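Below are the chains, spelled out letter by letter.
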Amino acid sequence: MTTYASHYINGQWVTARSKETLPVHDSSTEEVMATVPAGTAQEAELAVLAARAAFDAWSTLPVETRAAYLEKVAAGLKARTDEMAMAIAREVGMPLKMAKTVQVGGPTWHWGNFAKVARNFEWEKKVGNSLVVREAIGVVGCITPWNFPLSQITLKIAPALAAGCTVVLKPSEIAPVNAMILAEIIHEAGLPPGVFNLVNGMGPVVGEVLATHPEVDMVSFTGSTGAGKRVSELASQSVKRIALELGGKSASVILEDADFEAAVKGTISACMLNSGQTCSAHTRMLVPAGRYDEVKALAQTAIAKFSVGPSLDETSRLGPLVSANQRARVLGFIRTGIEEGADVIAGGAEPPAIAKGYFVQPTILGIKSTDTLAQEEIFGPVLVVIPYKDEEEAVAIANSTIYGLGGGVWSGSDEHAMKVARRIRTGQVDINGGPFNGNAPFGGYKQSGNGRENGVYGFEEFLEFKSLQLKPVTAA
Ligand code: NAD
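This structure is a prediction, so every number in the text was calculated from the model and none was measured. (Residues numbered from 1 in each chain as written. Predicted model: local features only at pLDDT ≥ 70, side-chain atom pairs only at ≥ 80, totals over all residues. Heavy atoms only, no water.)

Colleague: Give a description of the overall build of the protein that names residues and reports values.
Modeller: On a plain count of helices and strands, the protein comes out with 14 helices and 20 strands. Scaling as 2.2 N^0.38, a compact globule of 476 residues should have a C-alpha radius of gyration of about 23 Å, and the protein matches this with 23 Å. With respect to the three principal axes, the spread of C-alpha positions in the protein is 75 × 65 × 40 Å. Counting every position in the protein, which comprises 476 residues, the buried fraction comes to 56%. Counting only contacts in the protein whose residues sit at least 6 apart along the sequence, the fraction spanning at least 24 positions is 73%. Looking at the protein as shown, the accessible area adds up to about 19100 Å², and 54% of this sits on carbon and sulfur atoms. (Helix = DSSP H or I, 4+ residues; strand = E, 2+ residues; numbered from the N terminus. Rg over C-alpha atoms; globule rule 2.2 N^0.38 Å. Buried < 20%, exposed > 50% of the residue type's maximum accessible area, 1.4 Å probe, protein only. Contact = heavy atoms within 4.5 Å. Areas by Shrake-Rupley, 256 points an atom, 1.4 Å probe, with all protein chains shown as cover.)

Structure (structure tokens):
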């Protein structure tokens with residue numbers, strides 16, 4: 001077990017003031033694998049003031065210098081990939097091999113990519129008699145969740161630092177070990193004191209200081225819609241910039257002319273990744289009513305391949321859920337679905353036969369578009385299948401939740417799929433299983449949020465506009 005006793009403030013590991021600690025559980029064994037200190041409001045404030053003091057010098061460095069720091073962090077992450085993947089496999093529960101590519105490989109690439117984005121960015125532009133310049137927004141408070149923890153941290157702090165902002169990070173209290181390793185890497189990369197700070201702790205304590213402190217210029221939040229609303233309300237009192245990346249209930253729409261086998265398999269994979277603990281997971285599969293039985297058979301065949309087991313077991317394709325709370329929540333939803341009359345296509349609320357760990361069977365339920373499970377974000381390995389009568393109804397169902405994060409459309413022709421995709425009110429739609437693109441904007445419509453991450457779109461979130469009005473030159 002690792003005991004972390006410090007926060008990272010002003011370029012140093014500072015011993016925590018409070019003796020209170022937060023346990024981090026290995027989700028496959030339920031053992032406490034680490035503890036981190038429960039940060040106080042005073043520690044959060046110290047970190048904010050350190051970030052404020054560092055801002056002028058950092059934001060006025062040449063872009064090339066900041067980009068070179070980011071590349072050092074990327075190299076540090078690469079060198080510690082195995083250790084980082086092991087930490088995330090244990091604290092989150094994603095199978096190790098997958099964690100290495102998805103949870104560590106992805107963020108490592110983004111650190112290098114944001115260095116490139118900053119170098120190639122058009123920092124100033126002439127518009128009529130004005131010079132429009134882009135400047136760092138200031139001190140950014142970053143609040144992140146546990147499901148893709150290093151990725152969510154990276155997509156905030158890498159672009160923020162590249163833009164010239166200084167940051168205070170409050171990682172998830174449920175999976176903070178990866179953030180501690182990252183802070184060590186950042187320290188070794190030699191960033192000036194105060195540019196990056198990390199305070200562990202609970203949202204209502206440390207997070208709310210970041211949301212309210214007058215010296216914080218922007219809050220970048222990823223997490224549940226409920227907590228995002230609270231952060232947004234608090235931050236609005238000091239008119240901070242707010243970027244929110246929130247929950248989802250994304251639909252995979254299978255059109256009548258689709259390759260059903262590929263579509264059902266692709267949807268199940270896009271739902272079950274990370275045991276369904278993915279904000280943009282395709283958790284509703286919309287299928288033509290007349291093809292329901294065919295879909296059901298295909299889904300049963302496809303889901304049988306998702307072997308459930310501990311994250312360090314090489315044969316596991318699905319790991320446990322992150323915590324006992326998350327498991328209880330997900331099982332509660334499965335029971336609600338069954339009580340409301342769901343057709344149990346696969347899985348159910350009985351635990352799989354594994355002695356320890358927060359496991360839930362991969363579950364597929366046939367439901368109606370008016371059922372509870374058609375609306376609520378479950379955040380577990382649960383796919384619902386909803387029949388529709390025609391394309392019009394499919395689009396209406398896809399758009400019928402408070403969320404608008406992702407989704408997919410499957411059709412025999414990309415043109416047909418794109419026509420339907422344009423009518424879906426979400427920030428991303430995968431056409432016939434098109435893969436994730438780290439340079440394309442990722443973010444939500446409606447109550448899935450208002451921010452965008454990835455590439456130049458994610459970078460620009462951390463910039464202000466300034467217009468320098470020049471006096472027009474008059475002819476002599
Ligand atoms: P959560 O909202 O419980 O916690 C997220 C973070 O917010 C944590 O660091 C937490 O400590 C902090 N927090 C909680 N209450 C706070 C408060 N009052 N003030 C300030 N900070 C507070 O979410 P979670 O359970 O960690 O993550 C799962 C949720 O995140 C899901 O709803 C998922 O859809 C969402 N998510 C969204 C995206 C996206 O990009 N849209 C990505 C991943 C996860």
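Resuming the write-up.
Colleague: Give a detailed account of the sheet that holds strand 4 (residues 21–25), specifying residues and quantitative values.
Modeller: Sheet architecture is open: 3 strands sit in the order 1-5-4, paired in mixed fashion. Single-partner strands in this sheet number two, and they are strand 1 (2–3) and strand 4. Judged from the 5 bridges that link them, strand 4 and strand 5 (residues 32–37) form a sheet pairing that is antiparallel. Bridge pairing in strand 5 places Pro23 opposite Thr35. (Pairing = 2+ DSSP bridges.)

Colleague: Describe the packing of aromatic side chains, with residues and values.
Modeller: What the rule picks out here adds up to 8 aromatic pairs. Seen from their ring centres, Trp146 and Phe379 are 5.5 Å apart, and the 80° between their planes marks the pair as edge-to-face. Here Phe379 lies in the loop between strand 16 (363–366) and strand 17 (382–388) and Trp146 lies in the loop between strand 8 (139–143) and helix 5 (149–163), a separation of 233 residues in the sequence. Accessibility expressed as a relative area gives 14% for Phe379, which makes it buried. One aromatic cluster is present, built from ring pairs that chain together Tyr8, Trp13 and Phe196. Its guanidinium or amino end placed over the ring of Phe465, Arg134 lies 3.6 Å from that ring's centre, counting from NZ or CZ. Geometry around Phe260 places Arg291 over its ring, the cationic atom sitting 3.8 Å from the centre. (Phe/Tyr/Trp six-rings, centres within 6.5 Å; stacked < 30°, edge-to-face > 60°. Lys NZ or Arg CZ within 6 Å of the ring centre and 35° of its normal.)

Colleague: Describe in detail the UniProt feature "active site" (unreviewed entry) in the protein, supporting the description with residues and values.
Modeller: With numbering matched to this structure, UniProt assigns "active site" (unreviewed entry) to Glu245. Here Glu245 lies in strand 12 (residues 241–245). The class of Glu245 is buried, set by a relative accessible area of 5%. Glu245 has contacts with Lys156, Phe221, Thr222, Gly223, Phe442, Gly443, Gly444, Ser448, Gly451, Arg452 and Glu453, leaving out every residue within four places of it along the chain. (UniProt positions renumbered as here; feature names shortened; annotations may be inferred.)

Colleague: Let's hear about the UniProt feature "domain: Aldehyde dehydrogenase" (unreviewed entry) in the protein: which residues, and what values?
Modeller: Per the UniProt record, "domain: Aldehyde dehydrogenase" (unreviewed entry) is found at residues 13–467. Strand forms 19% of residues 13–467 and helix 40%; the C-alpha atoms that close the span are 40 Å apart.

Colleague: Which residues make up the site of the ligand, and what values go with them?
Modeller: Not every one of the 29 residues close to the ligand is listed here, only the nearest: Thr144, Glu173, Ser224, Leu246 and Glu377. Side-chain polar atom of Trp146 to an oxygen atom of the ligand: 2.9 Å apart, as the coordinates give it. For the ligand, a nitrogen atom lies 2.8 Å from a polar atom in the side chain of Glu208. Starting from 840 Å² of accessible surface for the ligand in isolation, the protein chains cover 89%. Breaking the shell around the ligand down by element, the ones donating at least two residues are helix 7 (203–212), strand 11 (218–222) and helix 8 (225–236). A per-element tally of the shell around the ligand places helix 7 first, with 4 residues. Among the residues forming the shell around the ligand, the class breakdown is 13 nonpolar, 10 polar and 6 charged. (Near = heavy atom within 4 Å. Polar contact = N/O pair within 3.5 Å; in protein donor to acceptor, adjacent residues only side chain to side chain. Nonpolar A, V, L, I, M, F, W, Y, C, P; charged D, E, K, R; others polar.)

Colleague: Describe the packing of helix 5 against helix 6 (residues 177–188), with residues and values.
Modeller: With their axes 9 Å apart at the nearest point, helix 5 and helix 6 run at an angle of 45° to one another. Relative to helix 6, helix 5 is oriented oblique. Relative to helix 6, helix 5 is oriented so that their crossing is right-handed. Between helix 5 and helix 6, the residues in contact are Pro149, Leu150, Ile153 and Ile157 and Asn178, Ala179, Leu182 and Ile186, respectively. Here the contact of helix 5 with helix 6 is composed, by residue class, of 7 nonpolar, 1 polar and no charged. (Axes fitted to C-alpha atoms, helices over the stretch in contact; angles between N-to-C directions. Parallel < 35°, antiparallel > 145°, perpendicular 65-115°, else oblique. Left-handed = near helix turned anticlockwise from the far one by under 90°.)

Colleague: An account of the pattern of salt bridges is requested, with residue identities and associated values reported.
Modeller: This model, assessed by the stated rule, comprises 21 salt bridges. Residue Arg119 is joined to Glu71 by a salt bridge in which the shortest nitrogen-to-oxygen separation is 3.0 Å. With Arg119 in helix 4 (residues 96–120) and Glu71 in helix 2 (residues 63–79), the pair connects residues that are 48 residues apart, well separated along the chain. Looking at Arg119, the relative accessible area reads 32%, which means it is partly exposed. Across the pair Arg80 and Glu83 runs a salt bridge, and its minimum N-O distance is 2.8 Å. Here the salt bridges do not stand alone but share partners, grouping Arg80, Glu83, Glu184 and Glu188 into one network. (Salt bridge = Lys/Arg side-chain N within 4 Å of Asp/Glu carboxyl O.)

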